[in-house]
Every structure is written in C-alpha cells, then in structure tokens.
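Descriptive analysis of the structure
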Amino acid sequence: MATGTAKSVLRRLSSALPTVLLACGLVLSLIQVARTTAREAPDRRVTLDFLWPTYTPQKVRYGEHLAERYMELHPDVHVNLILTPNPYRKLQVMVAGRTTPDVVWLGVGWHQFAEALLPLDTWVERDPALRPGDYFPGLWEAVKWRGSVRALPSSGQTGVIYYNKDLFDEAGLEYPAPDWTWDDMVRMARALTRDFDGDGIIDQYGLQLGQIYIVPFFLYDGQVADPDWREARLDTPVSRALLQRYQALMYGDDGSVMPTPTASAELGMLPMFEAGRTAMHAASGYAIETFRTVQFDWDIVSLPRFEFEGQYYRATGLWEEEFAVLWDTDAPEDAWEFARWCAGEEQIRWAALNGHIVPGHKAVAFSDAYLRSGKRPENMRAFIDSQAFGVPIYPHPWWPRISAEFDPIINQCLIGSEGKRITAQAALAQMHHALQAVLDEYNAEKDR
Amino acid sequence: MSKPLSPILAHAVLLAATAVMLLPLAWMVSTSLKQSGLGMARGIEWLPWKDVCYEDGGTIDVVTLGARVHLLPDGKTIEVGLKSLASRSKVTAVHVPEGTFEAEVIAYRVRPVTHDERTAEARWAPWASVQRRIAPRWRNYTEALTKMRFWACLANTLAVTFLGTLGTILSSSLVGYGFARFRFPGRGFLFLVLLSTMMLPPIVTMIPVYLLFRELHWIDTLLPLFVPSWFGINAFAVFLFRQYYMTLPFDLDDAARIDGCTALGIYTRILLPLARPVVATVGIFCFTHYWLDFMGPLIYLNTIEKFTLMLGLYMFKGAYTTQWRYLMAATLVVSLPCMLLFLFGQRFFVRGVVLSGLKV
C-alpha cells in the first residue's frame, strides 16, 4: 500500500517536472532580463556615449581604461562605453536610426562617415596646446576630408615587412637593410623559397605581401587620384611596372616566391608566418600582438624602395586610428574635450607602451621608452620611419564601392586561371576607368 | 530490379562520409589545445605537441630550429633547418639542395620558450636530449572563457534563447491553429502574406525595426532580441504548425466541442499535445537561431555586461588578426549545447519535418 502511494507520488512529481522546469526557466530568464534592463541614471552633469571596437580582449581593456580614467579625472562626466565587434556596421545603423554616439573610435575606412562627423577645425585652431605639428604630417592629413579636420589621430600603423631571422640565418642571408630595394627583396625571397623534399610542392615561401598592398603600390609615384578626388591617377608607368613585378612573384617564369592569393586565403597569411612557412610577411602593427607570442626570432623593416628608370620610389599603407565627434551630439564641447584627451600625448603614451598602438604623436614615437622597450620587434623604428611615405588605405567616402569595383579586376589579374588572367597593364587601365566613373558619379551628386 | 548495396558496403560508405564530416570538428578540438604558433599553416597537424629539452635533471620547453647532421655517404657534418629533416629519428633522410642523403643527427639547435614577449638565445642540444611530446594546452579553455567574460554572456544567451524559443512555440502554434482550423474571409490571402514575409531579407527591415525599438527605449536591452517572437513573427514555424494541424482529423475537434470544449480548450488540450513532434522541431530550430544569433545582439546591445555568447566569441576575431586557439576553444564550448540538443532531439526533428513537410 505504502509502495503504491510512493509510486503514485513519484509519478505525479515526474509528470509535473517539465512544468516546474519550464516555470523555473521562465522566472530565471525574466530576472536576467529585468537585471539587464534596469537603468541607473548616472548622477553626473553629462553622459557621453563612446563607441569602441572589441577586436581583441586587449582592445576592450584599452577602451575601458580610457572611459574609467576620464571619469576619474572628470567627476561630472559619465562616459558610456558602447562596445561592438563591428563598429562600422553598428555606426551605420546608429546614424540611420539617429541614435549616434557622441564620440567614436574610427580606423581605416572612416571616410564613409565623413559627413556624419563634426568638423573640428575651429576647436583645433583655438586650442594652443593642440599642435598639428606634434603628429606625423601624413597622419594629420589622413584625418582630413577635403581640407577639413574630421577626427584627431592617435595611431598610425604603417605597413612593414616582418621577417623570420631564424630562416635568414639558416639560409645564410644578411637581414634586410633599411634602404633595401625591391630587387633585394626578390633575391632574398628566392633564396628563402624552398621545396625541401623535392615533391614539387613549396614548403616554405620567401615572401607574402597580401592583396591589401596593392593599393599602396599605386602610390609609389603619387596618388590614387588628385587631391580633390576628381581625376583618377592610378594608371602610371610606375604602378604598371610594380603590378607586373607583383604578378611575377606568384606566376613568374623562374617560379613562385609568394603563395597565390588562393593559397594564402586557405592557410591564412598571418598563420603562415607564425608557423615559419613564410620568411617575410607584409603587415601593419596589428600583427605585433600575435607575433609576440611566437618563439622564433623576428624583426621588421620598412617596405623596399622600387627602382624605375633610374629613380627610386617608396610607399606603404597607413592604417590610421582616430577619435571623432558626431554631428548629432548633444554635448559638442564635452565630446570634443573627451576626444582631445583620448588623442592627447598622455593617453597615446599609455596605449603605445602597453602595445595597443603605434603612436601617432612624435614625442611618444621617438621616446626611448617606446623605441627601446626590450620587447620585439627590435627595430620598432621601422614603423616610425615608414610614416614618411605612408598613405591612407581607403581615403574616400565611397571607398567600399570603389573597392567592390577593383576587387574582381585585381582577382582577374592575380588569381584568374592561366588563360583568363589579365595583364597588369590591362588591370590598371580597367581600374582607372572604374575609379573615374565612381568619382564622376560621386562628384556629380555632391555638386548638385 | 536493381540490387541494394550490401549492408557492409553501405556502412563503410556512411562511416567514411561521417568521418569526412567530423574532420572540421576534430580540427577544431585539436586547434583549441595547441600551443601558440601551431595554427593551421603548418599543414594539418592533428596533435598538439611541443618540444622539450632535458637538462640539469629537469626539462624546459623549447622550439627546435635546426640540426647538425653527419652525412653518412661522405662523413661531412653540416647544419640544416628543421624542415630539411624527413623525420625526428637519429638516422634520417636529409633534403639539401644537392639531393637527399641519409644522415645521423648529432644535435638540435633549440631556443628556450619564453613567456615575456622576448626571445631567448638559441643553443645546441644533443639529439637524445630533445624530445617531442604531445602536450594539450588545457589552459586555452580557461583563458578563452575568462577573456570573453563567458558567464555573463552565457546568462544573457540563456535568457534570450529560452524566452525566444518559448515565445515562438506558443505564438506560432496558436497562429497556425487559427489558419488550420477556422474558416474566415481572406484566410488564404492572409496566409500568403504571412508566407511572403519569409522572402524578405532581414537586412531590409533592419533600420525600420531598429527605429521602432529606439522609440520604445529598448536599445541596449535584451528585449528586442526575444519580444517579437511572442507575436507570431516566425512564418516558417507558423507554416509547420498549420501543416501539421491540417493532418489531424476534424473529428477530434467535433468530439471535443460536443463535450463542451471551447476553441482555446481544443487548442490547449487536444491539438497542441498532439503536435509534440512539431513543437520539438520548432524548438530545435529556434534554440539554434537564438543561440547563434549575431546580427540582433550586434545592433541592439551596447554594453559588455549584456553581450551574448556570439558577440563574446568575436573578441578573438579582430579586424586583421584572429586568435585561433582561443577562438576554437570558446567556439567548442559555445557549440556544445546545440550539438547535444540535435543529438538528443533528432528523432523529433526528423519526424516533425516529415509529418508537416510531406503532406502539403
């Protein structure tokens, strides 16, 4: 009798279990939603929304440091850190939804938001402590659109060549010198490209440039377009010769010293260098964080000079980082003060010494603390020296569209199969034509 | 009449296909346990290994750079890179520009592993003192979960997934019931309108919906992520429920009505309990959708305390670099509930699709 009662209780309990679990789940979920929905109005004079990317946990720390430190120094200001893994997509939606933050972190490609950013010229002019000459000139120019300052720079990551010193030692090669040439680079790359077991498959490539370096290559002898962005200027004898040499590195008669873009995409460019499968690798300062954990010895050197008809040309990509104030801000003065503080010498120094950025402020960049920190790379100076010939990568508001026009042409030139691959000359002519068409459309729209 | 494949052959083919499908998962597990610098680019290396060097009675972690070898044909001693050696055994083939020769390895050139972002000096160590060990780095998991603030992300994801899934099941089953059991003017047209919303890419409605939630002051809360599910917006789920209800005889409704059951009673007491396979199917679909949703949290959430797991994972995938071992470790942990759910729920899942999908 007792067993029967126990069984019946158990049966009732087990039939009620799903309902109980459901109820518990519902209650706990609602508590979590309520907890995250509750808003405490900060007891401060002003709240600044600050958009910041979550590219790495270290990057998050950098943003948190800026917000926390500023609030410590300015007890009347609350900095509301808006974190996102995709700042540009987020900002697009926020601008469209008129919920823009007050201050934003921006990087390469910021020009697409140029019209949503507050021009800062008046503030810059009336602030005696802010001297444009304290920043690298190329970087200061990179934060302007049509002559107007739209952001304050903090970092200028220039593209350099990372090289594996152990592989150079193994091949008995001298390390690249700061004034090396394109021919030196090709010679070293040939010596470092190896098929160890003779099976016809290359086990170690000498060089990895990456497609992103295509754009700076156009700039070896000038600009992509005129300063007003009305006339395309990328099809020049120098850029033609460079693209031809670039193509030859992958498909040259004397064998490949560089993996094709397809092979790079399959294996990952950074991981190939990280695993010792490429001896030289072109990248900006963003790669440092990753490469500092590898155990082979490596260093960096500026991109090589290119000789053409007796003259030397040189360029590299410039990945700038900056702080900008949005048009829609309710507190422009406070937003400016905060952006100004973030891009000031003290914060740039903190970020540079903690490995977050390549400093755009000259006093920090040339300081012993930064150049001789004892951490790799030994030749940190290459980042700084490259500022002299660094050019912004995506310097036009319609660059996403221009890029979409360029990509299939570049692919046809560098990836297309043998019969369908187009020459460097044809590729540049097509890209020049495509760029001119986009610029004409953009200018016609703006002139209206 | 064609002969069926023999069971052994059929199983062999299926097992081979399964193995191929499991390879990415195996690679994910393997990468999540690797030391730094052992990503995918060395070719496929399935085991997370490291080199150690025995010295002074203990061992230190090292990176092996090259070797000093004694060429057996002519007795010459040369130094070569590690990739020139065919194997790590004492006597091995060595690939040099002049050809491939048999050689005896005398010593390895090794560099002690450091943890302070500096490089130690390379040195020579006798062949016997350097060994390769399988060394899974379990710390990748704890480090990854700490860095992405896993527990906070998990609590938010669980809340959104639970409420979103529950809301979809309740609202879709009710709307589907209406379309399947009631005759009213414009029923077919309204159902068509509902189905046509499936053709609308979400990106098209992203900004208007964002504006709507902004007006409600729901930005930076979890509400926009699950509240819409309580209003029958999942057209596919409605379609599944309607199709299933239509396979059930109307006699059930009539009998219930004779016994005094209301329309809502028929739904709650008869049709919904009978639709358990569809509930399971929709449940699995919704769970996966809300668990893996990236765009919604990206648009609506601003503060890290409210992030879901998908946003947390993106901390390891930067604009230019990816921290593979952390990303793989965290991805594995985050994917586990979805894998387990499908494993245990696949019977319902398949049955639900068959029942509602084939009897259109």
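Here the structure is a predicted model, which is why all the values come from computation and not from measurement.

With that out of the way, let us pick up the overall build of chain A. Scanning chain A from N- to C-terminus turns up 19 helices and 14 strands. On the principal axes, the C-alpha backbone points of chain A span a range of 100 × 70 × 50 Å. A burial count over chain A gives 45% of its 448 residues as buried.

Attention now goes to the nonpolar core. Of all hydrophobic cores here, the largest spans 169 residues; its most connected members are Y162, V325 and A339 of chain A. Looking at which element gives the most residues to this core, the answer is helix 3 (residues 150-181) of chain B, with 10 residues. What A339 of chain A contacts, discounting residues up to four positions off in sequence, is V103, L152, F323, A324 and V325 of chain A. Grouped together as the second largest cluster of nonpolar side chains are 14 residues, V94, A103, V110 and V130 of chain B included.

Let us look at the interface of chain B and chain A. Listed by partner, the interface residues are 52 residues for chain B and 50 residues for chain A. Looking at the side of chain B that touches chain A, the elements with two or more residues in it are strand 2 (58-71), strand 5 (99-112), helix 3, helix 5 (202-215) and helix 11 (295-300) of chain B. Top contributing element to the side of chain B that touches chain A by residue count: helix 3 of chain B, with six residues. Here the side of chain B that touches chain A is built from residues that sort into 27 nonpolar, 16 polar and nine charged.

This brings us to the environment of G296 of chain B. All names here are of chain B. Position of G296 relative to the elements: it lies in helix 11. Separated by 70 residues in sequence, G296 and F226 have C-alpha atoms that sit 9.8 Å apart. When near neighbours in sequence (up to four residues on either side) are disregarded, G296 contacts P224 and L225.

In this section: the domain arrangement of chain A. Residues and elements named next belong to chain A. Looking at chain A, the domain boundaries give domain 1 (46-157 + 319-391) and domain 2 (160-315 + 397-447). Once you take the C-alpha centre of each, domain 1 and domain 2 turn out to be 28 Å apart. Facing 21 residues of domain 1, the contacting portion of domain 2 comprises 21 residues. Counting residues per element, the side of domain 1 that touches domain 2 draws most heavily on helix 17 (residues 381-385), at three residues. Of the residues that constitute the side of domain 1 that touches domain 2, the class distribution is eight nonpolar, nine polar and four charged.

This next bit is on the pairing of strand 3 (residues 103-106) of chain A. Residues and elements named next belong to chain A. In strand 3, alternate side chains face the same way, and those of V103 and W105 on one face and V104 and L106 on the other are all buried. Two strands pair when backbone bridges link them, and strand 1 (residues 46-53) and strand 3 are joined in this way by two bridges, in the parallel orientation. The partner of F50 across the bridge, within strand 3, is V103. Across four bridges, strand 3 lies against strand 13 (residues 316-325) in antiparallel orientation. For W105, the partnering residue across the bridge sits in strand 13 and is F323.

Here helix 18 (residues 399-414) of chain A contains 16 residues, and its C-alpha end-to-end distance of 21 Å stays within 8% of the 22 Å for a straight helix at 1.5 Å per residue. For helix 18 of chain A, the complete set of buried residues consists of W399, I402, F406, I409, I410, C413 and L414 of chain A.

A separate point is the domain arrangement of chain B. All names here are of chain B. One can read the domain layout of chain B as domain 1 (1-47), domain 2 (49-135) and domain 3 (143-357). For domain 1 and domain 3, the distance between their C-alpha centroids amounts to 31 Å. Opposite the seven residues of domain 1 that make contact, domain 3 presents six residues. Its residues placed into classes, the side of domain 1 that touches domain 3 shows two nonpolar, four polar and one charged.

Residues and elements named next belong to chain A. Most of strand 13 sits inside the fold, with 10 of its 10 residues counted as buried. With six bridges joining them, strand 6 (residues 152-158) and strand 13 adopt antiparallel strand pairing. Looking at the pairing, T158 lines up with L318 of strand 13. Both strand 13 and strand 14 (residues 390-392) contribute to a ladder of three bridges, which runs parallel. Residue pairing in the sheet places G317 in a bridge with V391 of strand 14.

The next thing to look at is the environment of T54 of chain A. Looking at the secondary structure, you find T54 of chain A in the loop between strand 1 and helix 2 (57-73). Residue class for T54 of chain A comes out buried when judged on the 23 C-beta atoms lying within 10 Å of it. When the C-alpha atoms of T54 of chain A and L73 of chain A are compared, they prove to be 24 Å apart, with 19 residues separating the residues in sequence. Once you skip the residues sitting within four places of it in the chain, T54 of chain A turns out to touch K59, V60, L83, T84 and P85 of chain A together with Y314 and M315 of chain B.

Another aspect to go through is the packing of helix 3 of chain B against helix 10 (residues 276-292) of chain B. All names here are of chain B. The contact between helix 3 and helix 10 brings their axes to 9 Å, and the two run at 145°. Here helix 3 runs over helix 10; the crossing is right-handed. The segment helix 3 lies against helix 10, with T157, V160, T161, G164, T165, T168, I169 and S172 engaging V279, V282, G283, C286, F287, Y290 and W291. Counted by class, the contact of helix 3 with helix 10 contains eight nonpolar, seven polar and no charged residues.

What counts and what doesn't
Residues numbered from 1 in each chain as written. Chains lettered and ligands numbered in written order. Predicted model: local features only at pLDDT ≥ 70, side-chain atom pairs only at ≥ 80, totals over all residues. Helix = DSSP H or I, 4+ residues; strand = E, 2+ residues; numbered from the N terminus. Buried ≥ 20, exposed ≤ 12 C-beta atoms within 10 Å, placed from the backbone. Core = buried A, V, L, I, M, F, W, Y, C linked by C-beta atoms within 7 Å. Contact = placed C-beta atoms within 7 Å. Nonpolar A, V, L, I, M, F, W, Y, C, P; charged D, E, K, R; others polar. Domains from an automatic or database assignment. Pairing = 2+ DSSP bridges. Expected span 1.5 Å × (residues − 1). Axes fitted to C-alpha atoms, helices over the stretch in contact; angles between N-to-C directions. Left-handed = near helix turned anticlockwise from the far one by under 90°.

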